[in-house]
2 protein chains.
Amino acid sequence: MTEAGRPALVTVDWGTSSLRVWLLDAHGAVLGEARSNEGMQKAREMGFATVLDRVLTELSAPAGLATIVCGMAGARQGWIEAPYAEVPCTLDHIFDRAIAVPYPGRDVKIVPGLAQTSSSSPDVMRGEETQIAGAVGNLGSGRHVVCMPGTHSKWVEIENGRVTGFTSWMTGEVFNLFAVHSILSHSIGEAATGIKADDPAFAEGLRRGLDEPDRVTSLTFGIRAATLLHGLPPGAAAARLSGILIGAEIASARKRYLAESKEVILVASGRLGEVYAFALGKAGLSARLVDADEAVRAGLLHAARVNGMVPEVSA
Amino acid sequence: MTEAGRPALVTVDWGTSSLRVWLLDAHGAVLGEARSNEGMQKAREMGFATVLDRVLTELSAPAGLATIVCGMAGARQGWIEAPYAEVPCTLDHIFDRAIAVPYPGRDVKIVPGLAQTSSSSPDVMRGEETQIAGAVGNLGSGRHVVCMPGTHSKWVEIENGRVTGFTSWMTGEVFNLFAVHSILSHSIGEAATGIKADDPAFAEGLRRGLDEPDRVTSLTFGIRAATLLHGLPPGAAAARLSGILIGAEIASARKRYLAESKEVILVASGRLGEVYAFALGKAGLSARLVDADEAVRAGLLHAARVNGMVPEVSA
């Protein structure tokens, strides 16, 4: 019999540029947490095992405690490649394919990413599949649409427990490209962070992106023109850019996935969750917000159970 | 009486990153040409007059020959600001507002750019207004739609000799942003130049951009996925990216400007003209190609005539 409060599992979300590690008990309660910028890019240089060892020591994780990993650590250029599972498939099918990492004295497994191999709409994810499991695990049958905003926002369709398809929008990365590397950098300057849902310039950009998603690379030039012609301030330029890109993403995803339903499960944390919840509302959609950190921990715990790495517990 | 073959005018297209100078006779025939990378950005450091002096000496331009300039030299951060003319207006109204540059012994004037100050669709151009004059000067009355592809592609609506509205798409700049600074740089590598209309990967991207212009930041991620899942080669990745962006631009501009007509005056040179002519055809539009270099020279000659800088000649 397991005890609440006793370390039962280490869960790791190893992204491209960030590493997050939680020590959980068998019920999923958080006993310890570590975050660092030692994502895949840095860990490749330092050694994945070296980085993980140090973090586990910091967390005083008991020797031999099972460790489950999701994210870019399983990419070809990561720690060990965990080949993509392919849609359509169940979430448990993904977790069944977790790959063991040779690691003396500890059971370490990496969850695969998910691929959509159709030539008309090829797409990939690594890490989000685990968030989905945590977010929709208790929703039961029927059709669900999940929105996971970020650098490469993912919209996912789930029917009766199977992932049937998904699509990425490069919203976060495109915001950064425009704000830092394009002519809009002269309009935005250092104002590219901290955009809030209640900024009128965000709402204005959002309205335009929702109305004319096909004109996104044109609406963005309008920001530069508004600086030159109307003295648009840098903070408003950044907020308008964010609104345009998020609006275009939602309009495009709505057409693709929400012709019938208006319900979106929004998996996000903090300010990003607030901004997208506001934006989804303006698009006439109804968002149910699930915290992304909680979702990935719940998904990792489930993945560990599927792999027999922690005992089942009664609720 | 003027003579053919005798220098009558210096015409200058001074862009952000390039400078082009032609020595013309009064009929518009080219007697000499100089091109350099001393665009506005470099000329700001070196001095605009210093750069122009050297080029005119190289071309053996007669002392005191009138010089007409269009492009970014008239921007606020350029040589002397030539404040924007505002749409709707005639092309001659723009040229009437050319600004004289203090320049000992030589009549130098800079043509203003064009602004659309509406808060719903603010936009600006500098240089393209002169190309338009050269391209549509002989078309007479009626409604014309002009496409000028490039870093910031411009689509312009002209009715009975008045520019009634225009819209920019950041197609060329966005291609460069994605190819050089985004995750797609890992798919494209050094293959970002020399894309051809008859590349099947270009046609494939074009089809997708035309079909789903609202999904442009998603279709681009599909290129990365196609590299990972299907081994898409770098050259094909670059061509597909170009096709997606040009297809989305044309689909979006078609909706905005070509609901009734299918006729487009395409102002472009070389490979870019070929690529856009192919793309416009695939979009069901009919393109009449006008060489961009010829158009800007003809427009500058017309601007000089409006300003009484060269004598009228009989054809």
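Whatever comes next refers back to the structure up there.
All of the points below concern the structure found in this document. As the structure is a prediction and not an experimental result, all values here were calculated from the model.

Rules used in this analysis
Residues numbered from 1 in each chain as written. Chains lettered and ligands numbered in written order. Predicted model: local features only at pLDDT ≥ 70, side-chain atom pairs only at ≥ 80, totals over all residues. Least-squares fit on C-alpha atoms with pLDDT ≥ 70 in both. Axes fitted to C-alpha atoms, helices over the stretch in contact; angles between N-to-C directions. Helix = DSSP H or I, 4+ residues; strand = E, 2+ residues; numbered from the N terminus. Left-handed = near helix turned anticlockwise from the far one by under 90°. Nonpolar A, V, L, I, M, F, W, Y, C, P; charged D, E, K, R; others polar. Buried ≥ 20, exposed ≤ 12 C-beta atoms within 10 Å, placed from the backbone. Contact = placed C-beta atoms within 7 Å. Arc of directions from axis to C-beta. Pairing = 2+ DSSP bridges.

## Considerations on the relation of the copies chain A and chain B
Okay, so step 1: For these two chains of identical sequence, chain A goes onto chain B by a turn of 180 degrees and a shift of 0.0 Å along the axis, with RMSD 0.0 Å. One copy is carried onto the other by what is essentially a two-fold rotation axis. Taking C-alpha positions as the reference, the residue of chain A nearest the rotation axis is Asp-214 of chain A, at 1.9 Å.

## Notes on the packing of helix 7 (residues 200–211) of chain B against helix 9 (residues 234–257) of chain B
Residue and element names in this part refer to chain B.
Okay, so step 1: Following both chains from N to C, one finds helix 7 and helix 9 inclined at 35 degrees, their axes separated by 6 Å at the closest point. Crossing geometry of helix 7 relative to helix 9 is assigned as right-handed.
Okay, so step 2: The residue makeup of the contact of helix 7 with helix 9, split by class, is 14 nonpolar, five polar and four charged.

## As for the environment of Asn-307 of chain A
Residue and element names in this part refer to chain A.
Okay, so step 1: Looking at where Asn-307 falls in the secondary structure, it is placed in the segment after helix 11 (292–306).
Okay, so step 2: Its 18 C-beta neighbours within 10 Å are what place Asn-307 among the partly exposed residues.
Okay, so step 3: Non-local contacts of Asn-307, meaning those with residues more than four positions away in its chain, are made with Phe-95, Ala-98 and Lys-109.

## Observations concerning helix 2 (residues 48–58) of chain B
All names here are of chain B.
Okay, so step 1: Taken together, the buried positions of helix 2 are Phe-48, Val-51, Leu-52, Val-55 and Leu-56. Summarising the axial view, the buried residues of helix 2 lie within an arc of 130 degrees, below the 170-degree limit, and thus occupy one face. Residues Thr-50, Thr-57 and Glu-58 are exposed on helix 2 and point more than 90 degrees away from its buried face.
Okay, so step 2: Those residues of helix 2 hidden inside the fold are in contact with strand 1 (7–14), strand 2 (19–25), strand 3 (30–36) and helix 1 (40–46).
Okay, so step 3: Residue Ser-60 follows helix 2 closely and has a positive phi angle near 55 degrees.

## Things to note about the sheet that holds strand 11 (residues 143–148) of chain B
All names here are of chain B.
Okay, so step 1: Across the sheet, which stays open at both edges, the six strands sit in the order 6-13-12-11-14-15 with mixed pairing between neighbours. With one partner strand each, in any of the chains shown, strand 6 (89–90) and strand 15 (286–290) form the two edges of the open sheet.
Okay, so step 2: Bridge analysis of strand 12 (residues 153–159) against strand 13 (residues 162–169) gives seven bridges, and the strand direction is antiparallel. Note that in strand 13 the partner of Trp-155 across the bridge is Thr-167.

Everything listed is a geometric property; what it means functionally is a separate question.
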